[in-house]
Amino acid sequence: MPKIIMNTIGILRPKGTHSEEAALWLKNFLREDWRLQICTDIFDALNAVKERRLDAALVPVENSLEGSINITLDTLARSDTLTVVGIIGAVMIGAGFVLSNICVYWLWLSVAGFLVNWYGDSLHGTLARVRGTQRPIYGYYLDHTVDIINEAFMFIGVGLSPFMRLDLALMLFILYLSLTVNVSINAHLKSEFKLTYGKLGPTEFRVIASVLLLVLMYVRPVRDFRAELTLFGNKVPIASLDVAGLAILIVLIIIYIGTVITDTKGYAKIDPLPKKDD
């Protein structure tokens, strides 16, 4: 596993906070000899990193009581900067998949990329709302354009890994684009912007993908799985993620068909055939 070079990590006081728990878990999991330094508050922790008195700091971006932590968001970035962060996360995801051809533990780069992508993609809108700098037209265009770029890095990256066929990855990408187009059509025609399917949204899918990558790295039978699938009389070799990809493809096809049928019926009621004059 690539070594993370850091010496001192900032955490929030008092002792026993989630910040300290997360730092201790990460320190033990990665087997790193980091020194934890207690900071007065979030601003103190972030300022210490900026002034290079700390190598990093663990601070909250959201909590169950207040939602988004404004001081963290305000200190870290502007909305457009977060969009760039989301793209960087997507590049990390794709690069991790490609580099897993060399060593499977490069998938840690993809796991980190999912976190970075979530931060940039999910919070840029929140930051704009917090600061009162929303730009609905510009934001809608930029968000959807960048989403396609991000997903291209992700799907092509996984298709170039040793764990999923490129043709299957591209089929999943096409289906994702189809669902995205459907969302955009509904947003235009009836001002309904729905990103969740079956109670699963982008954040949940990122978590599921990260868990799958951890299984790939640390469960050898899953990582080494290889089989052949007979398709139209031809034997097609498949790997571990191909099985998961096929299952996801089938589920997404069912969701897409169901969504189109439901939307078509709804639009037929909104826009019925004109009645003929007797």
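A quick note: this is a predicted structure, and the numbers were derived from the prediction, not measured.

The rules we used
- Residues numbered from 1 in each chain as written.
- Predicted model: local features only at pLDDT ≥ 70, side-chain atom pairs only at ≥ 80, totals over all residues.
- Heavy atoms only, no water.
- Salt bridge = Lys/Arg side-chain N within 4 Å of Asp/Glu carboxyl O.
- Buried < 20%, exposed > 50% of the residue type's maximum accessible area, 1.4 Å probe, protein only.
- Patch = residues over 30% accessible without salt bridge, like charges linked within 9 Å, V, L, I, M, F, W, Y side chains within 5 Å.
- Areas by Shrake-Rupley, 256 points an atom, 1.4 Å probe, with all protein chains shown as cover.
- Helix = DSSP H or I, 4+ residues; strand = E, 2+ residues; numbered from the N terminus.
- Pairing = 2+ DSSP bridges.
- Contact = heavy atoms within 4.5 Å.
- Axes fitted to C-alpha atoms, helices over the stretch in contact; angles between N-to-C directions.
- Core = buried A, V, L, I, M, F, W, Y, C linked by side-chain atoms within 4.5 Å.
- Right-handed = clockwise from strand over helix to strand, strands pointing away.

Undergrad: What should I look at first to understand the pattern of salt bridges in this one?
TA: Proximity of charged atoms lets side chains of opposite charge pair with each other. Taken as a whole and judged by the stated rule, the model has two salt bridges. Of the charged contacts, one joins arginine 165 and aspartate 167 as a salt bridge, the two residues approaching to 2.9 Å between their closest N and O atoms. Since its relative accessible area comes to 28%, arginine 165 is described here as partly exposed. Classification of aspartate 167 as partly exposed rests on a relative accessible area of 38%. Aspartate 224 is paired through a salt bridge with arginine 220; the nearest N and O atoms lie 3.1 Å apart. A relative accessible area of 52% places arginine 220 in the exposed class.

Undergrad: I'm lost on a nonpolar patch on the surface in this one. Help?
TA: On the surface, Trp25, Phe29, Val207, Val211, Leu214, Val215, Tyr218, Val219 and Val222 cluster together into a nonpolar patch covering about 730 Å² of accessible area. Counting residues per element, the ones that place at least two in the nonpolar patch are helix 1 (18-30) and helix 8 (202-218). Broken down by element, the nonpolar patch gets its largest block of residues, five residues, from helix 8. Mapped onto the secondary structure, valine 207 falls in helix 8.

Undergrad: Got a minute to help me understand the sheet that holds strand 2 (residues 35-39) in this structure?
TA: Backbone hydrogen bonds hold the strands of a sheet together, and the pairing may be parallel or antiparallel. Reading across from one edge, 2-1-3 is the order of the three strands in this open sheet, with parallel pairing throughout. Among the strands making up the open sheet, the edge pair consists of strand 2 and strand 3 (56-57). Summarising the sheet, strand 1 (residues 8-12) and strand 2 pair through five bridges and their orientation is parallel. The residue of strand 2 that forms the bridge with threonine 8 is arginine 35. Where helix 1 meets the sheet, its contacts fall on strand 1 and strand 2, and the angle it forms with strand 1 comes to roughly 150°.

Undergrad: Sorry if this is basic, but what is going on with the nonpolar core here?
TA: Generally speaking, a soluble globular protein has its nonpolar side chains buried in company with each other. Core analysis: the biggest nonpolar cluster contains 27 residues, and Phe97, Leu107, Met164, Leu213 and Leu241 have the highest contact counts within it. Going through the elements one at a time, helix 4 (79-99), helix 5 (107-131), helix 6 (136-159), helix 7 (166-190), helix 8 and helix 10 (240-270) are the ones with two or more residues in this core. Ignoring anything within four residues of it in the chain, the contact list for leucine 213 reads Phe97, Leu107, Ser110, Val111 and Phe114. Counting seven residues, the second-largest nonpolar core is a separate cluster that includes Cys39, Ile42, Ala48 and Leu54.

Undergrad: It is not clear to me how the pairing of strand 1 should be interpreted in this structure. Could you clarify?
TA: Every regular strand shows the same layout, with side chains that alternate between the two sheet faces. The buried fraction of strand 1 amounts to five of the five residues, a majority that puts the element mostly inside the structure. Once the chain exits strand 1 it traverses helix 1 before rejoining the sheet at strand 2, and the crossover so formed is right-handed. Where strand 1 lies against strand 3, two bridges are found, and the strand directions are parallel. By the bridge assignment, isoleucine 9 is partnered in strand 3 with alanine 56.

Undergrad: Honestly, the environment of valine 207 in this entry has me stumped. Any pointers?
TA: Given a relative accessible area of 48%, valine 207 falls into the partly exposed group. In sequence terms valine 207 and phenylalanine 114 are 93 residues apart; their C-alpha atoms lie 8.1 Å from each other.

As far as function goes, none of this settles anything; it's purely spatial.
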